[in-house]
Amino acid sequence: MSRPTWDEYFMEITHLVARRSTCLRRQVGAVLVKDKNVLATGYNGSPSGVAHCLDVGCLREKMGIPSGERHELCRGLHAEQNAIIQAAKHGTNIDGATLYCTNMPCIICSKMIINAGIKRVVYEHGYPDGLAAEMIAETGIEVDLFTSATSAEAAV
C-alpha cells in the first residue's frame, strides 16, 4: 500500500466535493489548502436559498450557450468562487494558499484567485479560456496540471 502524495490527497477531496454540485452540465469541486490544511471547499451550484438547476433546469442549456461563454447567464456560482466566498464568510485567510480544482479556472475565477493572493493552482481538466491562462501567467501564480499515478499508468 502506498500513501498518496499531498497533491493526490487534496485532488481526491476535490472529486468528493464535486459530487455535491447541482449543475446539470459539469460537476466541479475546489479545495483551498495552506500548510497542508484544508481551509475551504466549494462546488458549482446556485447560491444558498436559490433554486438549483437540478430543480428548475439549465438556462444555459435552454439558450444553447456553449461552455466557457456568457458566464453571467447562469444560476450557479463556480466551485472556485464558492470556496473563496466560504473562506471570506468564515474569516479564513487564504493569502498564499493553493487551490486544487477539478477544472482549470475561467477568467472570472482567475481574477478572483489573483486578488485573493492564491499562489498555486492545481487542476485536472482544461477549460476553454485562453485569457484566464494568460492573466494567471502574468502574475507568476504557479499552475500545475495534475496527473495521478493511476491515470499515468492507464495511459501506458
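Residues numbered from 1 in each chain as written. Predicted model: local features only at pLDDT ≥ 70, side-chain atom pairs only at ≥ 80, totals over all residues. Heavy atoms only, no water.

**Here we look at the layout of surface pockets**
Item 1. What the largest pocket holds in volume is close to 400 Å³.
Item 2. Lining of the largest pocket is provided by 26 residues; of these, Cys 23, Arg 26, Asn 44, His 78 and Tyr 127 occupy positions nearest its centre.
Item 3. Of the residues belonging to the lining of the largest pocket, the class tally is 12 nonpolar, 10 polar and four charged.
Item 4. Looking at the second largest pocket, it is lined by 13 residues, and the ones nearest its centre are Ser 46, Pro 47, Ser 48, Asn 82 and Gln 86. (1 Å grid on protein atoms, 1.4 Å probe; cavity = no way out; pocket = protein on both sides within 12 Å on 5 of 7 lines; lining within 4 Å. Points joined across faces, edges and corners; volume = space filled by probe spheres on them. Nonpolar A, V, L, I, M, F, W, Y, C, P; charged D, E, K, R; others polar.)

**Focus on the pairing of strand β2 (residues 37–43)**
Here is the key point about a regular strand: its side chains alternate between the two faces of the sheet.
Item 1. Sheet topology places strand β1 (residues 29–34) next to β2; six bridges connect them, and they run antiparallel. When the sheet's bridge partners are listed, Leu 32 is paired in β2 with Ala 40. (Pairing = 2+ DSSP bridges. Helix = DSSP H or I, 4+ residues; strand = E, 2+ residues; numbered from the N terminus.)

**Concerning the environment of Pro 105**
Item 1. On the secondary structure map, Pro 105 appears in the loop between β3 (98–103) and α5 (107–116).
Item 2. The exposure class of Pro 105 is buried, given its relative accessible area of 0%.
Item 3. Residues Pro 105 and Ala 30, spaced 75 residues apart in sequence, show a C-alpha to C-alpha distance of 9.8 Å. (Buried < 20%, exposed > 50% of the residue type's maximum accessible area, 1.4 Å probe, protein only.)

**Section: the packing of α5 against helix α6 (residues 130–139)**
Item 1. Contact geometry of α5 with α6 gives a least axis separation of 8 Å together with a crossing angle of 15 degrees. By the criterion of interaxial angle, the relationship of α5 to α6 is roughly parallel. Between α5 and α6 lies a crossing whose hand is right-handed. Residues Ile 107, Ser 110, Lys 111 and Ile 114 of α5 pack against Leu 131, Ala 132, Met 135, Ile 136 and Thr 139 of α6.
Item 2. Residues that form the contact of α5 with α6 fall into these classes: six nonpolar, two polar and one charged. (Axes fitted to C-alpha atoms, helices over the stretch in contact; angles between N-to-C directions. Parallel < 35°, antiparallel > 145°, perpendicular 65-115°, else oblique. Left-handed = near helix turned anticlockwise from the far one by under 90°. Contact = heavy atoms within 4.5 Å.)

**Focus: the side chain of Glu 80**
Item 1. Following the sequence through the fold, Glu 80 ends up in helix α4 (residues 79–89).
Item 2. Buried within the structure, Glu 80 lacks any salt-bridge partner; Arg 26 is the closest side chain of opposite charge, at an N-O distance of 9.1 Å.
Item 3. In this view, Glu 80 contacts Ala 30, Leu 99, Cys 101, Asn 103, Met 104, Pro 105, Cys 106 and Cys 109; residues no more than four positions away in its chain are not counted. (Lys, Arg positive; Asp, Glu negative; His and termini not counted. Salt bridge = Lys/Arg side-chain N within 4 Å of Asp/Glu carboxyl O.)

**A short note on the packing of aromatic side chains**
Item 1. Taken as a whole and assessed by the stated rule, the structure comprises four aromatic pairs.
Item 2. Look at Trp 6 and Tyr 9: their rings are 5.8 Å apart centre to centre, the planes differ by 85 degrees, and that puts the pair in the edge-to-face class. Placement of the pair is Trp 6 and Tyr 9 together in helix α1 (residues 6–18), with a separation of three residues, close to one helical turn.
Item 3. Note on Tyr 9 and Phe 10: the rings are 5.0 Å apart at their centroids and 70 degrees apart in plane angle, and the pair reads as edge-to-face. (Phe/Tyr/Trp six-rings, centres within 6.5 Å; stacked < 30°, edge-to-face > 60°.)

**Quick look at the pattern of salt bridges**
Item 1. Within the structure shown, the criterion is met by five salt bridges.
Item 2. Residues Arg 70 and Glu 72 are paired through a salt bridge, measuring 2.6 Å at the closest nitrogen-oxygen approach.
Item 3. Classification of Arg 70 as partly exposed rests on a relative accessible area of 46%.
Item 4. When its relative accessible area of 52% is taken as the criterion, Glu 72 is described as exposed.

**Points about the sheet that holds strand β4 (residues 120–125)**
Item 1. Taking strand neighbours across the sheet as the criterion, the five strands line up as β2-β1-β3-β4-β5 in an open arrangement whose pairing is mixed. Edge positions in the open sheet fall to β2 and β5 (142–145), since each of these has one partner strand only. When strand polarity is set aside, the average angle formed by the axes of neighbouring strands in this sheet is 20 degrees.

**Side note on the environment of Glu 12**
Item 1. Note that Glu 12 resides in helix α1.
Item 2. The class for Glu 12 is exposed, based on a relative accessible area of 56%.

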